[in-house]
Amino acid sequence: MNMPQTKNNSVIHPGFCHFINEEVLPLHAIEPTKFWRDLEQLVADLSPINRQLLATRDALQQQIDQWHLARKGQAMDIKAYEAFLRDIGYLVEEGEDFTITTANVDAEIAHLAGPQLVVPVKNARFALNAANARWGSLYDAFYGTDVISKTGELATSVLVEGNRAYNPARGDAVIAKAKEFLDEVFPLESGSHKDVTSYVVYYHHLLAFFKDSHQAGLKQPSQLVAVNGQRSEPEAVLLRNNGLHVEIQFDRNGKNGSKDLANINDILIESALSTIIDCEDSVAAVDAEDKIEVYRNWLGLMQGTLEASFDKDGQQQTRRMNPDRLFTDLDNQEYRLHGRSLLLVRNVGHLMECDLMQDELGNFVPEGIMDAVVTVLIGALDLQRNRGIRNSRTGSIYVVKPKMHGPEEVAFSCELFARVEQMLNLPENTIKIGIMDEERRTTLNLKECIRQAKSRVFFINTGFLDRTGDEIHTSMQAGPFLPKDQIKNQPWIQAYENRNVDIGLQCGLPGKAQIGKGMWAMPDEMAAMMTAKIAHPKAGANTAWVPSPTAATLHALHYHQVDVFEVQQRIKSRPQASLTDLLTIPTIPDNLTLSSQVIEREIENNVQGLLGYVVRWVEAGVGCSKVPDINNVGLMEDRATLRISSQHLANWLLHGMCSKEQIDEVMQRMARVVDEQNKATEGYRPMSQHAKSLAFKAAQDLIFKGVIQANGYTEPLLHAYRVKAKAAN
Ligand SMILES: CC(=O)SCCNC(=O)CCNC(=O)[C@H](O)C(C)(C)COP(=O)(O)OP(=O)(O)OC[C@H]1O[C@@H](n2cnc3c(N)ncnc32)[C@H](O)[C@@H]1OP(=O)(O)O
Ligand SMILES: O=CC(=O)O
Ligand SMILES: [Mg+2]
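Residues numbered from 1 in each chain as written. Chains lettered and ligands numbered in written order. Predicted model: local features only at pLDDT ≥ 70, side-chain atom pairs only at ≥ 80, totals over all residues.

- An unreviewed UniProt entry lists the protein chain under the name Malate synthase G, with Marinomonas profundi given as the organism.
- Looking at the Cofactor (unreviewed entry) heading of the UniProt record, one finds this comment for the protein chain: "Mg(2+)".
- On record in UniProt, under Subcellular location (unreviewed entry), the comment for the protein chain is "Cytoplasm". (UniProt positions renumbered as here; feature names shortened; annotations may be inferred.)

This is the structure we're talking about:
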């Protein structure tokens, strides 16, 4: 193999070297020797800064721990606490107002509001599904979820059509609900879409005909934007509201169309406007082999060549990225819609190192630096194309950067991105940064964080899951925290969510960058999501995370109901959410005593979720799982939710809310529950019967060594145990 000639004797992992030299660099006009030398220089220059930033985190944490320990048993004095945080540089002075200058941002980010899907990059089948989730069937989303009740009459009377069961009563309810959506968002001048017998396009108008042969146009005729097929008998009409498209598809012979009064076969919803291809918390990538898999899938997505073949419902399928979608506008010109979600890539944070490369002293290099170089090197391939499967049409590469602590860490990411641009000869500010507001030091200093990235920030987002984990870890010594569910209802979280929007508006994000909200972590609870998640656009967020394409289609409906840009205008001059609320630590107040049952139940719930997630991570390398909680509700678990449960247990143990023996007993019991839940999984290694189960040991360490984990992160232990499990396998 052609090993790179490095100046300072760095060691490059051979598989990684081969991947870059043989699969990536030939697609670029970059000479390998130059690439490796530049990379080595970049690593040499930036690794020490990276390490210094981590040391600062530890030093601040130590001072915060000491402050709380010195005041044990005393009432919290918020003013003194704030002064202390300023004194140690945890809270920095806010500078003058400014407006971000980010340019060349795609419309999905700058001008549209809609769902953001997240997907683990290692799962090609899911990643392709996510890329294609720009368009989703409303009929499937209603039929397949509890948005239409799955109990009672509508769940019965199933027919078998081909090899699929079909429930006509449910089908009718789906169609009725879909047409209610049309009536709400695309109302007719008179009558209901439910009673329409046919639609035609006449000049610039959609005309709906009824049984009694009266006809009606749209109340807002300009909502009709394009058509497919003949205007007198369209195959599809394309409507638009709040910038989002909805396609009514007709087929008189179709599965649904043949039974529908107006031959509507389906209604397609513009769904996931953007998708985060995740290299971070939803993937288990612990060594060069895993990292190459991550990078190779990203390469396939950026080249438009990724494929996944699999068996579904007894049929072999090959999934690829969808092409753009073409219609004819009302002036008979081509109307082109992007066929895929705009893809963003989430790099890892600054914490971990990886074996892709070692410097001349034998140190592994910071993984975040490698992610920046490689994902951008690959992302830049997209910018070379001006036709076919493209991602950004404005020349940007969107990197989501998680887990940054405060302005100096954001500045470091920006410096890293600037260096990568120079190395790859990309125009300045090609690389955009999504700032995850998910660590306490970033929340408290958000304005200054944005200032550091003001020419490249394309989103701020409240990652409330990591943020909750960091809330617990930062104030670990302050006292025992409230049960998880109650932490969510305390003043700090509302202040965090509101302040993120307030500061985003103040810094001029609208029209240039997104203000985003976090994940819906109950993937099967779509009825509940439909009730709860409209709060995100109502709060002035252009986007919010969803766990699946179906959730994207459903959450998209909220952005038809709420005009986010109008909300942003309305709230932009409200008073900023309070810093005092933000600093109020959600520990158990002195006047509240939790019963032993509440304590036991909380421990059981945390332990069950933790074990259910960790066993799949360590043994099978699955980074994101749906794990039932103790009420049997499937929860999306990733490293951020694990950070919460492990830190919560560590905190309760530290403050004597429970004993080690109690946690041990619950762990044994819950291991049996999790083993039972997984018994049908091929190759599953039960935790309860193997004293040496690596997954079980990892779970124990995550709890019992939780207090000493850097910022409460789970990746150091997860990685260590997964490496062992891979070796054992
Ligand atoms: C705090 C944070 O950082 S949150 C960000 C990290 N979290 C995520 O990325 C969540 C991503 N979501 C997921 O991985 C999954 O939805 C899970 C693990 C939560 C649930 O997965 P499962 O139970 O296996 O999914 P389920 O069986 O309900 O659905 C499977 C189908 O949905 C699709 N699907 C589910 N989630 C996704 C997704 N995020 N993107 C694309 N497709 C998806 C699958 O492709 C599959 O369809 P297919 O058979 O046609 O391929
Ligand atoms: O990354 C998202 C979070 O909530 O954490
Ligand atoms: Mg996170």
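Following the structure, the description resumes.
## Description of the overall build of the protein chain
So, step 1. Along its length, the protein chain carries 25 helices and 27 strands.
So, step 2. Taking 27 Å as the expected radius of gyration for a compact globule of 729 residues, we find that the protein chain reaches 26 Å, a close match to that expectation.
So, step 3. If one aligns the C-alpha atoms of the protein chain with their principal axes, the spans along those axes are about 80 × 65 × 55 Å.
So, step 4. Per-residue burial for the protein chain yields a buried fraction of 48% across its 729 residues.
So, step 5. The long-range share in the protein chain, meaning contacts at least 24 apart out of those at least 6 apart in sequence, stands at 74%. (Helix = DSSP H or I, 4+ residues; strand = E, 2+ residues; numbered from the N terminus. Rg over C-alpha atoms; globule rule 2.2 N^0.38 Å. Buried ≥ 20, exposed ≤ 12 C-beta atoms within 10 Å, placed from the backbone. Contact = placed C-beta atoms within 7 Å.)

## Focus: the pairing of strand S15 (residues 315-319)
So, step 1. Within S15, only zero of the five residues are buried, which leaves the element largely exposed.
So, step 2. In the sheet, strand S14 (residues 308-312) pairs with S15 via five bridges, with the strands oriented antiparallel. Counterpart to Ser309 in the pairing with S15 is Thr318. (Pairing = 2+ DSSP bridges.)

## What to know about the nonpolar core
So, step 1. Counting residues in each nonpolar core, the largest one holds 185 residues, and the members touching the most others are Ile435 and Val614.
So, step 2. Ile435 has contacts with Lys401, Met404, Val410, Cys449, Ile450, Ala453, Val457, Phe459 and Ile460, leaving out every residue within four places of it along the chain.
So, step 3. Core analysis: the second largest hydrophobic core is formed by six residues, Tyr81, Leu85, Leu91 and Leu444 among them. (Core = buried A, V, L, I, M, F, W, Y, C linked by C-beta atoms within 7 Å.)

## What to know about the domain arrangement of the protein chain
So, step 1. In terms of domains, the protein chain is made up of domain 1 (78-134 + 273-583), domain 2 (136-270) and domain 3 (596-728).
So, step 2. A C-alpha centroid distance of 27 Å is found between domain 1 and domain 3.
So, step 3. Taken together, the contact between domain 1 and domain 3 spans 31 residues of the former and 34 residues of the latter.
So, step 4. Broken down by element, the residue count for the side of domain 1 that touches domain 3 peaks at seven residues, all from helix H13 (residues 464-474).
So, step 5. Considering only residue class, the side of domain 1 that touches domain 3 consists of 17 nonpolar, six polar and eight charged. (Domains from an automatic or database assignment. Nonpolar A, V, L, I, M, F, W, Y, C, P; charged D, E, K, R; others polar.)

## Comments concerning the site of ligand 2
So, step 1. For ligand 2, the full set of nearby residues is Asp281, Pro402, Met436, Glu438, Gly463, Phe464, Leu465, Asp466, Gly518, Met519 and Ala640.
So, step 2. The dominant element in the shell around ligand 2, judged by the number of residues it contributes, is H13, at three residues. (Near = placed C-beta within 6 Å.)

## A closer look at the site of ligand 1
So, step 1. Neighbouring ligand 1 are 25 residues; Val118, Asn129, Ala130, Ser282 and Ala640 lie closest to it.
So, step 2. Elements with a minimum of two residues in the shell around ligand 1: strand S2 (116-120), helix H5 (124-131) and strand S26 (625-628).
So, step 3. When its residues are assigned to classes, the shell around ligand 1 shows 14 nonpolar, five polar and six charged.

## Focus: the UniProt feature "domain: Malate synthase TIM barrel" (unreviewed entry) in the protein chain
So, step 1. The positions that UniProt labels "domain: Malate synthase TIM barrel" (unreviewed entry) are, in the present scheme, residues 343-584.
So, step 2. With 48% helix and 16% strand, residues 343-584 has end C-alpha atoms that lie 37 Å from one another.

## Digging into the environment of Val457
So, step 1. Residue placement: Val457 occurs in strand S23 (residues 457-462).
So, step 2. Under the C-beta neighbour-count criterion, Val457 is labelled buried, with 27 such atoms within 10 Å.
So, step 3. When the C-alpha positions of Val457 and Ser137 are compared, they lie 32 Å apart, and in sequence the two are 320 residues distant.
So, step 4. Beyond its immediate chain neighbours, meaning those up to four positions away, Val457 contacts Ile100, Thr102, Ile433, Ile435, Ile450 and Ala513.

## Focus on the UniProt feature "binding site: glyoxylate" (unreviewed entry) in the protein chain
So, step 1. UniProt tags Arg346, Glu438, Gly463, Phe464, Leu465 and Asp466 as "binding site: glyoxylate" (unreviewed entry).
So, step 2. Tracing the backbone through its elements, the reader meets Glu438 in the loop between strand S22 (431-437) and helix H11 (440-444).
So, step 3. The exposure class assigned to Glu438 is buried, which follows from the 26 C-beta atoms found within 10 Å.
So, step 4. Every residue in contact with Glu438, bar those within four places of it in the chain, is listed here: Pro402, Lys403, Gly463, Asp466 and Arg467.
So, step 5. The class for Phe464 is buried, based on 22 C-beta atoms found within 10 Å.
So, step 6. Setting aside residues no more than four positions away along its own chain, Phe464 makes contact with Ile493 and Gly518.

## What to know about the sheet that holds strand S16 (residues 325-329)
So, step 1. As summarised here, the arrangement of the seven strands in space is S3-S12-S11-S10-S9-S16-S17, forming an open sheet in which the pairing is antiparallel. Bordering the open sheet on either side are strand S3 (135-137) and strand S17 (334-337), each of which pairs with just one other strand. The mean inter-strand angle of the sheet, taken between neighbouring strand axes irrespective of direction, is 35 degrees.
So, step 2. One ladder, built from three bridges, connects S3 with strand S12 (residues 264-270); its direction is antiparallel. (Axes fitted to C-alpha atoms, helices over the stretch in contact; angles between N-to-C directions.)

## Looking at the packing of helix H1 (residues 14-24) against helix H8 (residues 288-303)
So, step 1. Interaxial distance between H1 and H8 falls to 10 Å at its minimum, and their mutual angle equals 15 degrees. Put simply, H1 runs roughly parallel to H8. Seen along the crossing, H1 lies across H8 with a hand that is right-handed. Contacts between H1 and H8 involve Gly15, Phe16, Phe19, Glu23 and Val24 from the former and Ala288, Glu289, Ile292, Tyr295, Arg296 and Leu299 from the latter.
So, step 2. Looking at side-chain class alone, the contact of H1 with H8 contains seven nonpolar, one polar and three charged residues. (Parallel < 35°, antiparallel > 145°, perpendicular 65-115°, else oblique. Left-handed = near helix turned anticlockwise from the far one by under 90°.)

## Some points on the sheet that holds strand S7 (residues 205-210)
So, step 1. With antiparallel pairing, three strands are arranged side by side in an open sheet as S6-S7-S8. Strand pairing shows two members of the sheet lacking a second neighbour, strand S6 (196-202) and strand S8 (215-217), which therefore form its edges. Direction aside, neighbouring strands of the sheet carry axes that sit 25 degrees apart on average.
So, step 2. Pairing between S6 and S7: six bridges, direction antiparallel. Looking at S7, one finds that Tyr199 is bridged to Ala208.

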